Amino acid sequence: MIHICYNVNGKIFRGLLMSALSVAKHSSQPVYFHILSMDLPERDPGWVSLSDERLAIFREAVGSAAPGSKVEQIDCRGYYEEYFAGGKNQRSFYTPYAQLRLFLDLITPDGDPDKIIYLDADTMCRRDISELWDVDISAYEFGASLDAAGRYWIDENYCNSGVMLINLRRIRKTGLFAETRRQVNRRTMFMPDQSALNDLAESKLVLPRRFNEQRAIRDDTVIKHFCRWLRFYPLWVKMFNYKQWQVDEVHKKLKIHDFDDVYDDIKELEKKYALE
């Protein structure tokens with residue numbers, strides 16, 4: 001079974017469902033989805049965990065696409081309050097939910113699983129996720145593709161943490177996530193956990209861009225990441241920040257139709273359950 005983790009709140013359920021369904025539809029084996037969330041309504045009324053109703057819809061969708069798949073939601077509020085509440089980066093550009101993956105060494109039982117794939121909710125899978133799962137990560141703490149911008153502006157080996165193959169067994173030994181939590185809590189950073197992971201990793205495997213394509217889709221692209229990016233023209237710079245759930249923009253602006261089968265499935269679920 002392939003293990004996959006997302007950090008989310010209820011605001012982006014539709015995007016999460018699209019991402020997970022794209023994984024399940026292309027997977028050759030069952031997938032165990034670990035959803036890390038928490039209720040933080042004092043910061044934003046929409047920052048809440050997935051309701052039981054939405055979890056049921058999620059289970060139905062991925063279970064139909066990849067029979068035998070499992071779904072669990074894990075409440076991280078206690079971990080968040082212990083390690084991050086009041087810390088330096090809790091009012092950063094990114095929501096606190098982005099940092100919940102740093103609790104994976106505490107949440108998952110030792111040895112079960114040994115590794116896990118982390119995905120941002122604004123990712124879509126277009127080939128079998130086992131292509132990433134089967135990468136040998138035994139000698140590394142994690143594997144990730146280079147960041148399309150950071151590799152030029154920050155460091156040539158600066159990786160994007162929106163897609164990671166994480167060796168849980170190894171990071172428990174090296175203490176990578178524990179040290180990353182300390183740095184995120186104490187030091188102000190624009191991209192808090194991503195920068196800390198790049199700074200602190202003792203061993204990271206740079207993966208091919210096809211596992212985290214942050215620009216135009218190629219024939220071998222496994223995962224398309226709908227992240228913010230800039231395109232430079234002779235006299236101006238244009239920012240692109242279209243997410244997969246902005247279907248019209250994905251079609252008209254990005255000219256992407258690779259995920260139309262997922263969009264069709266989502267339409268059926270929206271009709272059935274009156275999803276917003």
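Here the structure is shown first, and the text comes after it.
Quick caveat, the model's predicted, so the values are computed rather than measured.

Reading the values: rules and limits
- Residues numbered from 1 in each chain as written.
- Predicted model: local features only at pLDDT ≥ 70, side-chain atom pairs only at ≥ 80, totals over all residues.
- Heavy atoms only, no water.
- Helix = DSSP H or I, 4+ residues; strand = E, 2+ residues; numbered from the N terminus.
- Polar contact = N/O pair within 3.5 Å; in protein donor to acceptor, adjacent residues only side chain to side chain.
- Contact = heavy atoms within 4.5 Å.
- Phe/Tyr/Trp six-rings, centres within 6.5 Å; stacked < 30°, edge-to-face > 60°.
- Buried < 20%, exposed > 50% of the residue type's maximum accessible area, 1.4 Å probe, protein only.
- Lys NZ or Arg CZ within 6 Å of the ring centre and 35° of its normal.
- Expected span 1.5 Å × (residues − 1).
- Salt bridge = Lys/Arg side-chain N within 4 Å of Asp/Glu carboxyl O.
- Pairing = 2+ DSSP bridges.
- Axes fitted to C-alpha atoms, helices over the stretch in contact; angles between N-to-C directions.
- Right-handed = clockwise from strand over helix to strand, strands pointing away.

Asker: Looking at this structure, how should I read the side chain of Gln 244?
Answerer: If you trace the backbone, Gln 244 turns up in the loop between β11 (237-240) and α10 (247-252). Among the polar contacts made by the side chain of Gln 244, one reaches the main-chain carbonyl oxygen of Ala 121 at a distance of 2.7 Å. Residue contacts for Gln 244: discarding those within four places in its chain leaves Gly 15, Met 18, Ser 19, Ala 121, Asp 122, Thr 123, Met 124, Phe 226, Val 250 and Tyr 263.

Asker: Any chance you could explain the packing of aromatic side chains here in plain terms?
Answerer: Each aromatic ring pair is characterised by the separation of its centres together with the angle its planes make. Counted according to the given criterion, the structure contains seven aromatic pairs. When the centroid spacing of 6.4 Å and the interplanar angle of 15° are considered together, the rings of Tyr 6 and Phe 33 count as stacked. With a gap of 27 residues between them, Tyr 6 in strand β1 (residues 2-7) and Phe 33 in strand β2 (residues 31-37) connect regions that are remote in the sequence. Judged on exposure class, the residue Tyr 6 and its partner Phe 33 are both buried. Three or more aromatic residues joined by ring pairs form one cluster here, namely Tyr 79, Tyr 83, Phe 84 and Phe 103. Its guanidinium or amino end placed over the ring of Tyr 118, Arg 101 lies 4.6 Å from that ring's centre, counting from NZ or CZ. Positioned over the ring face of Tyr 83 is Arg 181, at 4.8 Å from the centre of the ring.

Asker: How should I be thinking about unusual backbone geometry in this particular structure?
Answerer: The bulk of non-glycine residues show a negative phi, and the bulk of peptide bonds are trans. One non-glycine residue, Lys 255, adopts positive backbone phi at about 60°. For Lys 255, a relative accessible area of 63% translates into the label exposed.

Asker: Can you help me understand helix α1 (residues 13-26) in this one?
Answerer: Owing to its 3.6 residues per turn, the α-helix aligns residues three or four sequence positions apart on the same side. Helix length check: α1, at 14 residues, gives a terminal C-alpha distance of 20 Å against a target of 20 Å (1.5 Å per residue), a fit within 8%. Burial runs high along α1: eleven of the 14 residues are buried. Among all positions in α1, only Phe 13, Gly 15, Leu 16, Leu 17, Met 18, Ser 19, Ala 20, Leu 21, Ser 22, Val 23 and Ala 24 are buried.

Asker: It is not clear to me how the pattern of salt bridges should be interpreted in this structure. Could you clarify?
Answerer: Once the charged atoms of two side chains with opposite charge are near each other, the side chains can pair. Across all of its chains, the model carries 17 salt bridges by this definition. Between Lys 25 and Asp 261 there is a salt bridge, and its shortest N-O distance comes to 3.9 Å. With Lys 25 in helix α1 and Asp 261 in helix α11 (residues 260-273), this residue pair connects regions lying 236 residues apart in the sequence. Taking the relative accessible area as the measure of exposure, Lys 25 reaches 33% and is therefore partly exposed. Residue class for Asp 261 comes out partly exposed when judged on its relative accessible area of 32%.

Asker: How do you make sense of the sheet that holds strand β3 (residues 70-75) when you look at a structure like this?
Answerer: Two orientations exist for strands paired in a sheet by backbone hydrogen bonds: parallel and antiparallel. Taken together, the seven strands give an open sheet; going across it, the order is β3-β2-β1-β4-β7-β6-β8, and neighbouring strands pair in mixed fashion. Looking along the sheet, the strands with just one partner apiece sit at the ends: β3 and β8 (204-207). Averaged over all adjacent pairs, the angle separating strand axes in this sheet is 25°, with direction ignored. Sheet topology note: the strand β6 (residues 142-145)/strand β7 (residues 163-167) ladder contains two bridges and is antiparallel. Each residue of the ladder has a partner; that of Gly 143, found in β7, is Leu 165.

Asker: In this structure, what is going on with the pairing of β3? I would like to understand it.
Answerer: Each regular strand carries side chains that alternate between the two faces of the sheet. Strand direction decides the pairing type here: β2 and β3, joined by six bridges, are parallel. Among the inter-strand pairings, Leu 36 is bridged to a residue of β3, identified as Ile 74. Assessed by its sense of winding, the connection that carries the chain from β2 through helix α2 (residues 52-65) to β3 is right-handed.

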